[in-house]
Amino acid sequence: MRDSLPYVLVLYYSRHGATRSMAEQLAAGVESCAGIEARLRTVPPVSPTCEAVDPEIPAEGAIYAELDDLRHCAGLALGSPTRFGNMAAPLKHFIDSTSALWLNGTLVDKPASAFTSTSSLHGGQETTLISMLLPLLHHGMVYAGLPYSEIELMTTTAGGTPYGASHLAGQRSDQPLADAERRLVRAQGKRLARLALALAPLREAAS
């Protein structure tokens, strides 16, 4: 059953909290737009063993995502730390479970975006964002990066790319979001919300 307001699903994996902080700021950007809300969800870690060892509900932070969260969203933001220039395995594991949505074209023409954090400045931020972009294109989603009308893209000395928001978390993953990073990730959330509202009538007309 759908909520009364459309929502942008902010779906992320965070190991040390940096990507989670970005997700919370992006959600704030979404909710700065009237008529839409953000839904924060995370994914469980994966294990080399087949035995489930994690509780069904995390001890803190967002609850785990279900396919219905993705099925009914008006827009999607994916967030992950980098793993050798790629998205983290837990998020990839969840995305790999979405074949039923792909078969039904559930996500076609919905806007999507991505965000990431790395421990070093040139730690694979853009390739990680692109790795999250690829399955979104296969789902038929409309990808929305960050346009250069966001002036922080020209002035940032930390994170921030036209492919999506990024964050330099430092070697210990303990650096807080820089002001420019925070403004960019909020702008990304606001843009995604505006596009979700604008594209909804087009999807309804095509159905």
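Procedures and definitions
- Residues numbered from 1 in each chain as written.
- Predicted model: local features only at pLDDT ≥ 70, side-chain atom pairs only at ≥ 80, totals over all residues.
- Heavy atoms only, no water.
- Buried < 20%, exposed > 50% of the residue type's maximum accessible area, 1.4 Å probe, protein only.
- Helix = DSSP H or I, 4+ residues; strand = E, 2+ residues; numbered from the N terminus.
- Pairing = 2+ DSSP bridges.
- Contact = heavy atoms within 4.5 Å.
- Salt bridge = Lys/Arg side-chain N within 4 Å of Asp/Glu carboxyl O.
- Core = buried A, V, L, I, M, F, W, Y, C linked by side-chain atoms within 4.5 Å.

*Asks:* Before we move on, can you summarise the pairing of strand 3 (residues 75-83) with the specific residues and values?
*Replies:* Within strand 3, eight of the nine residues are buried, leaving the element largely enclosed by the surrounding structure. Sheet topology note: the strand 1 (residues 7-12)/strand 3 ladder contains five bridges and is parallel. Paired with Tyr-12 across the strands is Gly-79, a residue of strand 3. Pairing of strand 3 with strand 5 (residues 111-118) involves six bridges; the strand directions are parallel.

*Asks:* Let's hear about helix 5 (residues 125-138): which residues, and what values?
*Replies:* Every buried residue of helix 5 is accounted for by Gln-125, Thr-128, Leu-129, Ser-131, Met-132, Leu-133, Pro-135 and Leu-136. As for helix 5, its buried residues are in contact with strand 3, strand 4 (86-87), helix 3 (89-95), strand 5, strand 6 (142-143) and strand 7 (165-168). In the segment just after helix 5, Gly-140 is the residue with positive phi, at about 80°.

*Asks:* Can you lay out the pattern of salt bridges for me, pointing to particular residues and giving the numbers?
*Replies:* Per the counting criterion, the structure on display carries seven salt bridges. Among the salt bridges present, the one from Asp-69 reaches Arg-39, with a minimum N-O distance of 2.9 Å. Separated by 30 residues along the polypeptide, Asp-69 in helix 2 (residues 67-71) and Arg-39 in strand 2 (residues 37-42) bring together distant segments of the chain. Judged by relative accessible area, which is 7%, Asp-69 ranks as buried. With relative accessibility at 17%, the residue Arg-39 sits in the buried group. Each member of the salt-bridge network shares a partner with another, and the members are Arg-39, Arg-41 and Asp-69.

*Asks:* Can you explain the pairing of strand 7? Please cite residues and give values.
*Replies:* Of the two faces of strand 7, the one carrying Ala-165 and His-167 and the one carrying Ser-166 and Leu-168 are both buried. Relative to strand 7, strand 5 runs parallel, the two sharing four bridges. Across the sheet, the residue bridging to Phe-115 is Ala-165, located in strand 7.

*Asks:* Account for unusual backbone geometry, with residues named and values stated.
*Replies:* Of all residues except glycine, most have a negative phi; of all peptide bonds, most are trans. You will see that Phe-84, though not glycine, has its phi angle at about 55°, which is positive. Its place among the elements puts Phe-84 in the loop between strand 3 and strand 4. Among the residues examined, Phe-84 registers a relative accessible area of 89% and is labelled exposed.

*Asks:* Quick rundown of the environment of Val-142? Include the residues and the values.
*Replies:* Mapping Val-142 onto the fold places it in strand 6. The class for Val-142 is partly exposed, based on a relative accessible area of 36%. Through-space distance from the C-alpha of Val-142 to that of Leu-199 is 9.6 Å; in sequence the pair is 57 residues apart. In this structure Val-142 touches Asp-109, Lys-110, Pro-111, Ala-112 and Leu-199, once residues within four positions along its chain are discounted.

*Asks:* Tell me what's going on with the nonpolar core, and back it up with residues and numbers.
*Replies:* Counting 25 residues, the largest nonpolar core has Val-8, Val-10, Leu-26, Val-30, Ile-36 and Phe-115 as its most contacted members. Those elements giving two or more residues to this core turn out to be strand 1, helix 1 (18-30) and helix 7 (179-206). If you tally residues by element for this core, the top one is helix 7, at six residues. Leave out the neighbours within four places in its chain, and Leu-26 touches Val-10, Ala-77, Phe-115, Val-185, Gln-188 and Gly-189. Ala-65, Phe-94, Ala-114 and Leu-136 belong to the second largest nonpolar core, which has 23 residues in total.

This is a description of form; function is not addressed.
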